[in-house]
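Breakdown of the fold
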Amino acid sequence: MSTREVILTGDTPTGQLHLGHYFGSVRRRVELQETHDCYFLLANMHAYTTRSENPDEIHSDTLEIVRDYLAMGIDPAKAAILLQSETPAIAELTFLFSMLLPFNRVMRNPTLKEEIKVKGLGENYSFGFPLYAVGQTADILAFRAHSVPVGEDQVPHIELTREVARRFNKLYCGIDENIEDDDPIMLEKGLFPIPRADVGKVGKLIGTDGINKMSKSLNNAILITDNPKKVKKKLGQLYTGRQSVTDPGDPESSLMQYVDIFIADKDRAAELKDKYVRGDNIGDGHIKVEVAEAISELLAPMQERRAQYDGDDDTIIDIIRDGTARANIKTEETLAMAKEVSGLGYFSRAITFGDSK
Ligand code: TRP
């Protein structure tokens, strides 16, 4: 048995991944796969919360994410890339966990509220939409993950997950309410470690509108597949808030965040920022060109790796079949233990996975 810590994180397939995903989470995963037992989940069921009328799109978006993972450096030999919809223990645990959470607690989740607002869902969201937050707790706990690398916006979901883990450990493993999360007894007696959110250094990358978080649906994202011309064009459109003469340049602006993140030469970045803040003969246009070049340099090797899998769905499917088989070994084990302690352990069952091509 591996004694390494378990990492789980995932992405909802909403289209191609972008630089916000890379800096918020994927870059960190590429490091973690060297030292941890990593599981990267394709949250394809969650995509149905708001897009159930577009199944074919969800299907192809799911495969595209895998291509982006590979492009950004995730290695399927080191980390398991798995399909949520073929990991049935997750669905079973979702049902059980939904009983451990007050309905109102789920609805108070600020990430859900924000999504309802941003996506304009009003009162017309599916029942499954808030349920996905419970599902996400099962995604994480099915793997008994210790740590979850995510962007800042996902922290409320991890908080909910911690509550479910504590509640389960208390109800069914006899762990006293007052035991600290990191008390060794939690790991000895409790089924679930209380998972930590591991928020990337750039928790929230501003999009090329200069205002909102980078997001495909807001049309302000730089995609992993964007060529240098596209990158330059998108940068050109970046709103910097410097349009008026009275604003001498805000060091917190989107453009300055981009300088910090993308200009690898730290001295050069400091020089640019200094000049910019002092309004010293350096315009947005110049900085944008320099940042665009730096971004394209970062993307070039990714695009080269991605090109190897162009049009080759079979290889991508092989990768997720293998990762899902590994995930099912882990999650079936968790499920059996969870059933045993929660009164659902009548007899053992075995499900086999991933052996039919
Ligand atoms: N909700 C996450 C997002 O949209 C994706 C996700 C699903 C996830 N399950 C997860 C992230 C489990 C971390 C852990 O980005």
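Residues numbered from 1 in each chain as written. Predicted model: local features only at pLDDT ≥ 70, side-chain atom pairs only at ≥ 80, totals over all residues. Heavy atoms only, no water.

This brings us to the overall build of the chain. Across its full length, the chain holds 14 helices and five strands. The C-alpha atoms of the chain give 22 Å as radius of gyration, which agrees with the globular expectation for 357 residues (21 Å, within 12%). Its C-alpha atoms put the chain at 75 × 50 × 45 Å along the principal axes. Looking at the chain as a whole, 49% of its 357 residues are labelled buried. Across the chain, every contact between residues at least 6 apart in sequence was considered, and the portion connecting residues at least 24 apart equals 75%. Summing over all exposed atoms, the chain offers an accessible surface of approximately 17700 Å²; the carbon and sulfur share of this is 52%. (Helix = DSSP H or I, 4+ residues; strand = E, 2+ residues; numbered from the N terminus. Rg over C-alpha atoms; globule rule 2.2 N^0.38 Å. Buried < 20%, exposed > 50% of the residue type's maximum accessible area, 1.4 Å probe, protein only. Contact = heavy atoms within 4.5 Å. Areas by Shrake-Rupley, 256 points an atom, 1.4 Å probe, with all protein chains shown as cover.)

Neighbouring residues of the ligand: 14 residues in total, closest G10, T12, Q136, D139 and Q154. Note that an oxygen atom of the ligand is positioned 3.0 Å from one of the side-chain N or O atoms of T12. At a separation of 2.9 Å, a nitrogen atom of the ligand approaches a polar side-chain atom of Q136. Counting atoms within 2 Å of the grid points, the majority share of the ligand lands in the largest pocket. Sorting elements by how many residues they give to the shell around the ligand places strand β1 (residues 6-11) first, with four residues. (Near = heavy atom within 4 Å. Polar contact = N/O pair within 3.5 Å; in protein donor to acceptor, adjacent residues only side chain to side chain. 1 Å grid on protein atoms, 1.4 Å probe; cavity = no way out; pocket = protein on both sides within 12 Å on 5 of 7 lines; lining within 4 Å. Sits in = over half its atoms within 2 Å of the grid points.)

Right, let's talk about the domain arrangement of the chain for a bit. Per the domain assignment, the segments of the chain are domain 1 (6-203 + 312-342) and domain 2 (216-307). Here the C-alpha centre of domain 2 lies 32 Å away from the C-alpha centre of domain 1. When domain 1 packs against domain 2, the two sides together hide about 1400 Å² of surface, and 66% of this comes from carbon and sulfur. Of all residues in domain 1, Q16, L19 and A71 give up the largest surface area on contact with domain 2, accounting jointly for 39% of the area buried on that side. Close ionic contact of R306 with E64 constitutes a salt bridge, the shortest N to O distance being 2.7 Å. Seen at the junction of domain 1 and domain 2, the total is seven residue pairs in polar contact (both at pLDDT 80 or more). Elements supplying a minimum of two residues to the side of domain 1 that touches domain 2: α1 (19-32) and α3 (55-72). In terms of residues, the side of domain 1 that touches domain 2 owes the most to one element, α3, which gives six residues. Of the residues contributing to the side of domain 1 that touches domain 2, the split by class is nine nonpolar, five polar and three charged. (Domains from an automatic or database assignment. Buried area = accessible area lost by both parts, 1.4 Å probe. Salt bridge = Lys/Arg side-chain N within 4 Å of Asp/Glu carboxyl O. Nonpolar A, V, L, I, M, F, W, Y, C, P; charged D, E, K, R; others polar.)

Time to look at the nonpolar core. Counting 53 residues, the largest nonpolar core has L19, L235, F262, I287, V291 and I295 as the members making the most contacts within it. Once residues lying within four places of it in the same chain are set aside, the contact partners of V291 are L235, Y258, V259, F262 and I263. One finds L82, A89, I90 and I194 within the second-largest nonpolar core, a separate group that totals 44 residues. (Core = buried A, V, L, I, M, F, W, Y, C linked by side-chain atoms within 4.5 Å.)

Before going further, it helps to examine helix α10 (residues 228-236). Within α10 the residues assigned to the buried category are V231, K234 and L235. The buried residues of α10 all sit within an arc of 100° when viewed along its axis, so they share a single face. Opposite the packed face of α10, turned more than 90 degrees from it, sit the exposed residues K229, K232 and K233. Where α10 is buried, its residues meet α11 (254-262) and α13 (284-307). (Arc of directions from axis to C-beta.)

With that out of the way, let us pick up a nonpolar patch on the surface. Side chains of L344, Y346 and F347 sit close together on the surface and give an oily, nonpolar patch of about 430 Å² of accessible area. Among the secondary structure elements, L344 is positioned in the segment after α14 (313-341). (Patch = residues over 30% accessible without salt bridge, like charges linked within 9 Å, V, L, I, M, F, W, Y side chains within 5 Å.)

The next point concerns the layout of surface pockets. Empty space within the largest pocket amounts to approximately 1500 Å³. For the lining of the largest pocket, the secondary-structure elements that each account for two or more residues are β1, α1, α2 (44-51), α6 (110-118), α7 (128-141) and β4 (147-150). Classifying every residue of the lining of the largest pocket gives 17 nonpolar, 20 polar and twelve charged. (Points joined across faces, edges and corners; volume = space filled by probe spheres on them.)

Here the chain averages 91 in pLDDT, while 94% of its residues score no lower than 70. Every residue in residues 243-248 scores below 50 in pLDDT, and together they form five contacts with partners more than four places removed in sequence or on other chains. (pLDDT = per-residue confidence, 0-100.)

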